[in-house]
Amino acid sequence: MTKRFCDKAARAVGWILKRVALSVKHAGGTENLQHGDIFVFNHFTRFETIVISWVLYRHLGHFVRAIGDKSLFRVHRQFSKLLRAVGVVPNNMDDLLTFMAAEIMRGSKVLIFPEGGLVKDRKVRDDKGRLQVYSGHSQKHRRPHRGAAVLALALDIFKHHLRTLEAKGDMSTLLQWCHALHIPSMTDLLVQAHKPTTIVPGNITYFPIRSADNWLSRLLAKFLPEAPHQALEELTIEGNILFEATDMDINFGSPITAMPTLTPSEQKQLKTILDNLTDLKDLFVHKAEHVTPHNKALVNLLNTRSEAMVETYATAIYAHTTLNINHLVSTAIQYLIQQKRYEIPHSLFHRALYLAIKKVHAAGYVHLHDSLHRPWFYHGLLDGEAPHFKTFIKACTKLHLLKKATDTYRFSHRLDDTFEEQDIRLENPIAMHANEAAPIPQLHKFVKEGLAEAASVTNAELAYHLLDDMQRAHRLRHQFWVHRRPEWAPTANDPTRAMPYLLEAKGRKASKTAVVVVHGFTANPLETRTLAGKINAAGHTVVGVCLFGHGTTPQDLERRNRHEWVQGVMQGYRVAAGLADKVVLVGFSTGGVLTLTLAGDHPLPHLAGIASISSPLRVKDKAIHLLPILMPVLGILKRFFSLPDTLRFYPTLEPKEGVNYPVKPVTSLNELRLLMKELPAKLSNINVPVLLLQGEKDEVVEPSSVEDLQKGLVKAACEKHIIPGAQHDMVYDNADAHTRVLAFIQKMSETAK
């Protein structure tokens, strides 16, 4: 393995990975790589040998020695040559462990897949909890291979021998070992001798795993109709992983020391063997055919300790599984089947899954896929509308594993059947995902608790969970975006300043009407915090929303759209509706447009009224009218160039410190333009009282906006006020505006009684 060739191979693999749909993610533990000698992973696809070697190369600077299935070396002579060139050797190589031990002594790292083959059903323990995997070669279940454990243990015994020679001053024998192992100097040999051999467990998890046909499997079926079923199955699963958007999450665990010390008794038993040791392969005698009266003590030691070590690192491998939404759903379904419950109401199932997610968060489980980690991916789960959830349910429905009836999910009795290991990835993804999650006992506990609590959980409890999701989403986005352009982030030093918030009303004077307060364009919840405090002091619970893309950076806002902003207001509404009988929406500027849009788009049973402050249908800045022409031009330019900031962002005039972005994304201004354009058609759907407040000297909004809003609200009891002398930002400190909003909320609260 020359450095030059490895660099070329790494660039080639990187080039390929950029052009397939596989997204390789290092989810954690990369700080442990330099301290590991042997890396052990679970095995699910054939290309993992190359991808993991490439990942390790990127972090370590050289390719590791990897053990690959011998069948890979039969594909093509040039492919076999490439594999060997980047450090992969076949698993049927003579004296394989001896070769790997010598490589480690020379400073190399080694990659091993203890499962010994693809474990397609992902079942790694039997019904009694014993470590077992299915072997496609022997067609039966067996324990994972002990090669990695034996390699580490034998190496540590050898290192103990080298340290003993050093203590005796036997430099001649040490020099002989230098020559035998092709190690440049005795110093290098002794450095390795004093370094304990460590094993780093790693886990690979894919999401999603699709079973639908792809162009590769269709080509094979068309031109080679007699092709083996195994080839068709692997092209289907692995082709989808490579050519459909798929995450490959890789977690590295903490290094495990193979044999910290030898006990005095063990040293005595091994003394004769080590005193006469002349060949490293004499230490690799862990199989029954290796046993002789001379080495029986060594064989027993390797077998006893290797079995325990396999259990240790295998448990660590599976404990680092990256949990995703499909694991959660499959575990819940499998548990229900075990309880002979073949039907469950939609609402109950959705609540159970959502509660399980929140329990996972509370427990601090760190290896979570985005589908469980980032709230915007599982948003809508309570209604069964989370995209990943819907996709998985649809896939299982196509396979006749379940049926989505009008009010319930009905599970097929096929889920009781045992599927062939070669078929399970195609025919029963529920069993496969449940098996993969089985080594995580906490998940099973949380799923069971979620199912038990789903029927009795209160709306208020769900509201607190939803608020936690809003705050979690903001923290994650703030963490991701702010360090990229901190000078454009008003809350760069304190993410909590722009955090969605809850001000609860307590005591006997607490109202049964909650209020959702929504800030304006490029701002954050600080903008409306003074008004929110007054509303709360008047006895109302207040939910402060932070719209998506706000409270972080303009670059984040640039990637959001108006539908996400409306979704953010809906989240605030759901929190408020869980805590009170009635809800009043209060929106400033763009926030007012969003509250009216939400009410016009969706039936909101708890909605009592809307207060809209300085809300535009049209703005005085005429540059916004150029956007229909500018946006297509920018779209074309983006295909060929990286646009400069001057084309992407529009300066903000007199931004409020700590509140507004210094610039406005052009794409976001266009979203605002579309939002204003679409609102008039929705106003006639609103049938709750509306308060419209407009500043007499509003320098942003066209005066006719408030008139047109009033005209469009044909079904609403509309109250309009022009606030004398007030400018656009009257939400901050205009006493007249605040008084009118408070009076309107109080009126809605009394009407709701």
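Now for a look at the structure at hand. (Residues numbered from 1 in each chain as written. Predicted model: local features only at pLDDT ≥ 70, side-chain atom pairs only at ≥ 80, totals over all residues. Heavy atoms only, no water.)

Re the overall build of the protein chain
For the protein chain, the count of helices and strands is 30 helices and 22 strands. In terms of overall dimensions, the protein chain has a C-alpha envelope of 100 × 60 × 55 Å along the principal axes. Going through the 753 residues of the protein chain one by one, you find that 55% of them count as buried. Restricting the contact set of the protein chain to residue pairs at least 6 apart, pairs at least 24 apart contribute 79%. With an accessible surface of roughly 33300 Å², the protein chain has 54% of that area assigned to carbon and sulfur atoms. Of the charged side chains in the protein chain, 91 are positive and 74 negative, and the gap between their average positions amounts to 1 Å. (Helix = DSSP H or I, 4+ residues; strand = E, 2+ residues; numbered from the N terminus. Buried < 20%, exposed > 50% of the residue type's maximum accessible area, 1.4 Å probe, protein only. Contact = heavy atoms within 4.5 Å. Areas by Shrake-Rupley, 256 points an atom, 1.4 Å probe, with all protein chains shown as cover. Lys, Arg positive; Asp, Glu negative; His and termini not counted. Charge placed at Lys NZ, Arg CZ, Asp CG, Glu CD.)

What to know about the layout of surface pockets
Estimated volume of the largest pocket: approximately 1300 Å³. Taken together, 49 residues form the lining of the largest pocket, with Ile67, Asn91, Gly116, Arg142 and His145 sitting closest to its centre. Looking at the lining of the largest pocket, the element that brings in the most residues is helix 4 (residues 96-105), giving three residues. Taken together, the residues of the lining of the largest pocket break down into 14 nonpolar, 20 polar and 15 charged. (1 Å grid on protein atoms, 1.4 Å probe; cavity = no way out; pocket = protein on both sides within 12 Å on 5 of 7 lines; lining within 4 Å. Points joined across faces, edges and corners; volume = space filled by probe spheres on them. Nonpolar A, V, L, I, M, F, W, Y, C, P; charged D, E, K, R; others polar.)

Some thoughts on the side chain of Arg65
Take Arg65: it is sitting in strand 3 (residues 65-68). Judged by its relative accessible area of 13%, Arg65 falls in the buried class. Engagement of the side chain of Arg65 in a polar contact is seen with the side chain of Glu103, the distance being 2.7 Å. (Polar contact = N/O pair within 3.5 Å; in protein donor to acceptor, adjacent residues only side chain to side chain.)

What to know about the pairing of strand 2 (residues 38-41)
Side chains of strand 2 alternate between two faces, with Ile38 and Val40 and Phe39 and Phe41 buried alike. Alignment of strand 2 against strand 5 (residues 110-112), held across three bridges, turns out to be parallel. Following the sheet pairing, Val40 is matched in strand 5 by Ile112. For strand 2 and strand 8 (residues 198-207), the ladder comprises four bridges, and the chain directions are parallel. Looking across to strand 8, one finds that Ile38 is bridged to Ile199. (Pairing = 2+ DSSP bridges.)

Description of the environment of Gly117
By the secondary structure assignment, Gly117 is in the loop between strand 5 and strand 6 (133-135). Of the residues examined, Gly117 reaches a relative accessible area of 19% and is grouped as buried. Not counting the four nearest positions on each side in its chain, Gly117 is found in contact with His43 and Arg142.

Let's talk about the packing of aromatic side chains
The description of an aromatic ring pair uses the distance of the two centres, along with the angle that the planes make with each other. Applying the stated rule across the entire model yields 15 aromatic pairs. Ring geometry for Phe349 and Phe389: centres 6.5 Å apart, planes at 45 degrees, overall tilted. With Phe349 in helix 13 (residues 346-363) and Phe389 in helix 16 (residues 387-398), this residue pair connects regions lying 40 residues apart in the sequence. Aromatic side chains Phe389 and Tyr409 sit 6.4 Å apart centroid to centroid with 90 degrees between the ring planes, which places their arrangement in the edge-to-face category. Of this pair, Phe389 sits in helix 16 while Tyr409 is found in strand 13 (residues 408-411), placing the two residues 20 residues apart along the sequence. Here the two residues Phe389 and Tyr409 agree in accessibility, since each one is buried. Here the basic side chain of Arg477 rests over the ring of Phe548, its NZ or CZ set 4.7 Å away from the ring centre. (Phe/Tyr/Trp six-rings, centres within 6.5 Å; stacked < 30°, edge-to-face > 60°. Lys NZ or Arg CZ within 6 Å of the ring centre and 35° of its normal.)

What about the sheet that holds strand 17 (residues 582-588)?
In spatial order, the strands read 14-16-15-17-18-21-22; together these seven strands make up an open sheet with mixed pairing. Here the strands that pair on one side only, and so sit at the sheet edges, are strand 14 (501-503) and strand 22 (718-723). With direction set aside, neighbouring strand axes in the sheet form an average angle of 15 degrees. Relative to strand 16 (residues 542-545), strand 15 (residues 513-518) is paired through four bridges, and the arrangement is parallel. Residue pairing in the sheet places Val516 in a bridge with Val543 of strand 16. Sitting on the sheet, helix 21 (residues 529-537) touches strand 14, strand 15, strand 16, strand 17 and strand 18 (607-613), and the angle it makes with strand 14 is about 30 degrees. Sheet strands touched by helix 24 (residues 590-601): strand 15, strand 17, strand 18 and strand 21 (690-695). Its angle to strand 17, the strand with the most contacts, is close to 140 degrees. (Axes fitted to C-alpha atoms, helices over the stretch in contact; angles between N-to-C directions.)

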